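Next come the chains, spelled out residue by residue.
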Amino acid sequence: MADETTSSYVDLSVAYVDATVQAADYLVVLPVIGPLIMSAFCLMLRRQQHVQPWIAGITLGAVFFGNIALALRIMESGPVFMAMGRWLPPFGISFNADALSVLMTLTASLVSLVCVFYSAKSVDGDGRRYGFYPFLLMLTAGVSGAFLTADLFNLYVWFEVLLISSFGLIVLGNSHAQLDGAVKYAFLNLVATTLFLIGIGYTYGLFGTLNMADLTLRIAESDGLPLGTVALLFIFAFAMKAAAFPLNFWLPASYHTPNIVTSALFAALLTKVGIYALLRVAGMLLPGSFDTFQEVLIWVAALTSLLGAAGALASTDIRKVLGFLVLSGIGAMFVGIAVVSPDGLRGAVLYAVHSILVMAALYLAAGVIGRMTGSFDLHSVGGLYRAHPFFAALFLILVFAISGLPPFSGFWPKVILVRSSMDAGEGWLTAAYLVSSFIAMIAIGRVWLFAFWRDDLDGTRIAITPLTRDEAQAYITPIAILVAVIVGIGLIADPAVHMASAAAIGIIDPSAYITSVSPVGP
Amino acid sequence: MNTVIFRALAPYLTTLMMLFSVFVLLRGHNEPGGGFIGGLIAASALAIYGISNGVPAVRRAIWAHPIHLAGTGLFISGLSGLPSLFANVPFLTGLWVFPTILGVELKLSTILFFDIGVYMVVLGTIGGIALTLEERED
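For every chain, the first residue of the written sequence is number 1, and numbering continues from 1 onward in sequence order. Labels are handed out in written order, letters beginning with A for the chains and numbers beginning with 1 for the ligands. Residue-level local features of this predicted model are given only where pLDDT is at least 70; pairs of side-chain atoms are given and counted only at 80 or more, and the full residue set underlies all totals for whole chains, interfaces and linings. Water and hydrogen atoms were dropped before computing side-chain values, which therefore reflect all heavy atoms in the structure.

So, the overall build of chain A
Alright, step 1. A count of helical and extended segments in chain A gives 23 helices and four strands.
Alright, step 2. Atoms counted for the radius of gyration: C-alpha only. Globule rule: 2.2 Å times the number of residues to the power 0.38. Expected size for 522 residues packed as a compact globule is a radius of gyration near 24 Å; at 23 Å, chain A falls within 12% of this value.
Alright, step 3. In terms of its C-alpha atoms, chain A occupies a principal-axis envelope of roughly 85 × 60 × 40 Å.
Alright, step 4. Within the span of chain A, comprising 522 residues, buried residues form 62% of the whole.
Alright, step 5. Residue contacts follow a heavy-atom distance rule, with two residues in contact if any of their heavy atoms lie within 4.5 Å. In chain A, the share of contacts with a sequence separation of at least 24, taken over all contacts with a separation of at least 6, comes to 80%.
Alright, step 6. Summing over all exposed atoms, chain A offers an accessible surface of approximately 18,900 Å²; the carbon and sulfur share of this is 68%.
Alright, step 7. When charges are counted, Lys and Arg are positive and Asp and Glu negative, with His and the chain ends excluded. Every charge is mapped onto a representative atom, which is NZ of Lys, CZ of Arg, CG of Asp or CD of Glu. Distance between charge centres in chain A, computed from 23 positive and 29 negative side chains, equals 13 Å. Working definition: helices are DSSP H or I runs of at least four residues, strands are E runs of at least two. Numbering for both runs from the N terminus. Under the scheme applied here, a residue whose accessible area is under 20% of the maximum for its type counts as buried, over 50% as exposed, and between as partly exposed, the area being computed with a 1.4 Å probe on protein chains only. For the area figures, the Shrake-Rupley method with a 1.4 Å probe applies, and any residue is considered shielded solely by the protein chains shown.

Here's what the structure looks like:
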């Protein structure tokens with residue numbers, strides 16, 4: 001309002017964005033500030049633990065619906081942009097939501113929301129006292145911030161926010177196995193983040209700007225600069241975040257240790273933030289970097305998906321099976337990235353969305369298996385079909401979805417990925433991907449066979465602790481919601497495919513992104 | 001650390017540092033200072049009092065748990081961005097009012113509240129860490 005009159009030294013009008021902002025524009029910051037403020041509010045109410053799930057649920061519900069509104073607006077009129085504190089884009093921090101950002105944020109907020117429902121029963125007093133809900137909200141804020149920011153250094157900051165909240169979540173409960181997993185997780189993620197930071201340092205040294213739109217323009221004009229080095233640093237850092245082979249060891253070592261809701265959140269969100277950053281930074285900012293390293297990426301894609309699937313087949317702990325399936329999915333997304341075509345990117349984005357939903361649902365379902373049979377070990381679980389047929393049906397749908405069978409959400413990305421890799425003439429990659437998804441299907445199908453189909457173990461009936469009414473509501477409803485969305489995407493694929501296409505186009509041709517950031521022109 | 005001199009001096013030192021931290025916080029808009037450095041000074045004040053008179057005395061003196069302070073600070077900082085919503089400017093844009101109270105013109109802004117939030121976050125976090133470390137030494 002009266003800014004310009006207070007500071008007498010500088011003419012601030014040239015440094016400020018003039019355009020007035022409507023309340024609807026705040027939707028682009030809502031997914032970040034909503035959870036951030038409410039996370040602080042939960043901290044203030046540390047002793048009132050019974051209200052925290054409500055606060056988290058209402059906040060994330062609002063964020064979810066806000067994201068739907070934002071998505072509708074972006075699909076209609078292009079990227080939405082906001083410059084924090086009105087400072088002009090190359091200098092100020094800005095948020096910019098395009099189709100890719102909003103698709104990821106929307107899916108992430110849905111998963112966080114259902115995880116809050118699930119946590120109502122599964123996170124006990126200890127977890128709540130040590131701050132499960134503040135951490136959960138902070139994690140959501142960090143993930144959304146990473147998806148929405150239009151500044152490279154700010155992206156790093158949101159990575160740190162989500163990383164620190166994930167450290168908090170992974171050690172909640174304080175068991176020996178958790179601390180062991182947390183150390184591996186923390187150390188390798190810090191290495192990745194440091195590499196990312198070094199990459200940012202080089203970028204700033206080369207171009208003197210970190211605003212993504214500004215960078216895109218300057219990189220397009222640049223000539224003879226060592227962009228390959230920078231691109232490789234970023235690809236390395238984000239591949240580590242995404243747990244791509246051979247940088248994947250932290251994931252199977254840590255994801256089975258925390259509370260199952262935490263595992264579900266991590267499996268759904270964290271690796272996909274790595275994929276998103278890879279698409280945004282290496283794909284959009286440094287065009288051609290996927291071409292340059294295509295050979296490497298193809299190997300990464302094939303080996304990640306194959307080793308992930310093989311690891312899943314070799315594990316007997318259900319949570320570890322799922323951890324390896326996350327890896328296998330990352331491999332599939334790398335298939336889309338490695339073929340370097342709009343279609344491939346579209347497949348990768350669509351697969352990311354599918355993977356967020358399915359992995360979250362599978363982990364939550366694994367929690368129910370653990371709760372009813374008292375074990376996560378494939379050697380001793382069983383009898384669940386008899387005990388809870390509806391849950392068995394939900395799990396079977398998830399098995400089909402992750403195997404990429406129609407009519408569920410895994411089918412469309414699989415079709416697109418197979419077709420795009422065939423079109424690119426990478427027949428071996430297609431073969432590796434198909435073999436890996438076949439092995440993954442056997443691995444997850446085996447879980448269903450053992451946990452649901454089998455009634456007896458060495459002639460004795462497997463004891464089942466049935467869910468109480470409250471527990472059934474708290475546990476089954478979130479899974480059912482996710483399954484409904486998964487079936488929905490499978491049957492009515494158009495909106496999701498359409499958004500994924502828009503996202504892929506946005507990566508390849510960021511002109512809409514750039515014009516929305518620089519309304520005054522470059 | 002319980003020499004008589006230190007223990008006799010510590011309360012005065014703590015008081016001075018607390019006052020100075022508020023001074024640093026408030027001058028921070030145009031001069032060196034601000035919420036972060038102010039919070040650090042305040043947290044050091046708590047740490048000194050904890051070393052001399054024991055951590056329980058500090059915990060009694062500050063009433064709230066340090067984590068509460070940090071949470072409240074983050075809450076205030078986050079909220080300080082929201083008045084911009086009603087002024088049709090982007091999030092976190094600084095808004096100023098100049099009320100005259102008792103003949104003195106006050107320069108109040110959302111930035112000040114943001115800084116107060118930062119002050120409390122730093123005080124709560126660093127103070128909390130310091131107190132926990134000192135407790136372990138006993």
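On we go.
Let's talk about the pairing of strand β2 (residues 94-97) of chain A
All names here are of chain A.
Alright, step 1. With burial as the criterion, each face of β2 is covered, one bearing Ser-94 and Asn-96 and the other bearing Phe-95 and Ala-97.
Alright, step 2. One bridge is not enough; two strands pair if DSSP finds at least two bridges between them. Taken together, the four bridges between strand β1 (residues 80-83) and β2 define a ladder with antiparallel strand orientation. Its bridge partner being in β2, Ala-83 is matched across the sheet by Ser-94.

Observations regarding the packing of helix α4 (residues 99-122) of chain A against helix α16 (residues 342-373) of chain A
All names here are of chain A.
Alright, step 1. Orientation of α4 relative to α16, taken along the N-to-C sense of each, is 5 degrees, at an axis distance of 10 Å. Comparing their axes, α16 and α4 come out roughly parallel. Here α4 contributes Leu-100, Leu-103, Met-104, Thr-107, Leu-110, Val-111, Val-114, Cys-115 and Tyr-118 to the contact with α16, which in turn contributes Val-349, Ala-352, Val-353, Ile-356, Leu-357, Ala-360, Leu-364, Gly-367 and Val-368.
Alright, step 2. A breakdown of the residues in the contact of α4 with α16 according to their chemical character gives 16 nonpolar, two polar and no charged. Simply put, an axis is a line fit to the C-alpha atoms, just over the touching stretch for a helix, and the angle between two N-to-C directions goes from 0 to 180 degrees. In these notes the angle categories are as follows: under 35 degrees is roughly parallel, over 145 is roughly antiparallel, 65 to 115 is roughly perpendicular, and the rest is oblique. Note that Gly is not counted as nonpolar here; it falls among the polar residues with everything else outside the nonpolar set of Ala, Val, Leu, Ile, Met, Phe, Trp, Tyr, Cys and Pro and the charged set of Asp, Glu, Lys and Arg.

Observations regarding the side chain of Ser-144 of chain A
Alright, step 1. By the element assignment, Ser-144 of chain A lies in helix α6 (residues 132-148).
Alright, step 2. Discounting chain neighbours no more than four positions away, the residues touching Ser-144 of chain A are Pro-31, Val-32 and Thr-105 of chain A.

Some words on the confidence of the model for chain A
Detailed reading of the predicted coordinates is not advisable wherever pLDDT is low.
Residues and elements named next belong to chain A.
Alright, step 1. When pLDDT is averaged along chain A, the result is 87, and 96% of the positions lie at 70 or above.
Alright, step 2. As a per-residue measure, pLDDT tells how confident the predictor is, with possible values from 0 to 100. Taking the mean pLDDT of every element in chain A, the minimum, 45, falls on helix α1 (residues 3-6) and the maximum, 94, on α6.
Alright, step 3. Here residues 1-8 scores under 50 on pLDDT; set against residues more than four positions off or in separate chains, the count is 13 contacts.

Overview of unusual backbone geometry
Alright, step 1. Cis rather than trans, the peptide bond between Phe-245 of chain A and Pro-246 of chain A has omega equal to 0 degrees.
Alright, step 2. Counting through the fold element by element, Pro-246 of chain A comes out in the loop between α10 (227-241) and α11 (250-254).
Alright, step 3. In this chain, Pro-406 of chain A is followed by Pro-407 of chain A through a cis amide linkage whose omega measures 0 degrees.
Alright, step 4. Of note, Pro-407 of chain A is situated in the loop between α18 (389-403) and α19 (411-423).
Alright, step 5. The phi torsion at Arg-86 of chain A lies on the positive side, around 70 degrees, for a residue other than glycine.
Alright, step 6. Tracing the sequence through the fold places Arg-86 of chain A in the loop between β1 and β2.
Alright, step 7. Under the relative-accessibility criterion, Arg-86 of chain A is labelled buried at 11%.
Alright, step 8. Although it is not a glycine, Leu-92 of chain B adopts a positive phi angle of roughly 70 degrees.
Alright, step 9. On the secondary structure map, Leu-92 of chain B appears in the loop between α5 (83-86) and β1 (96-97).

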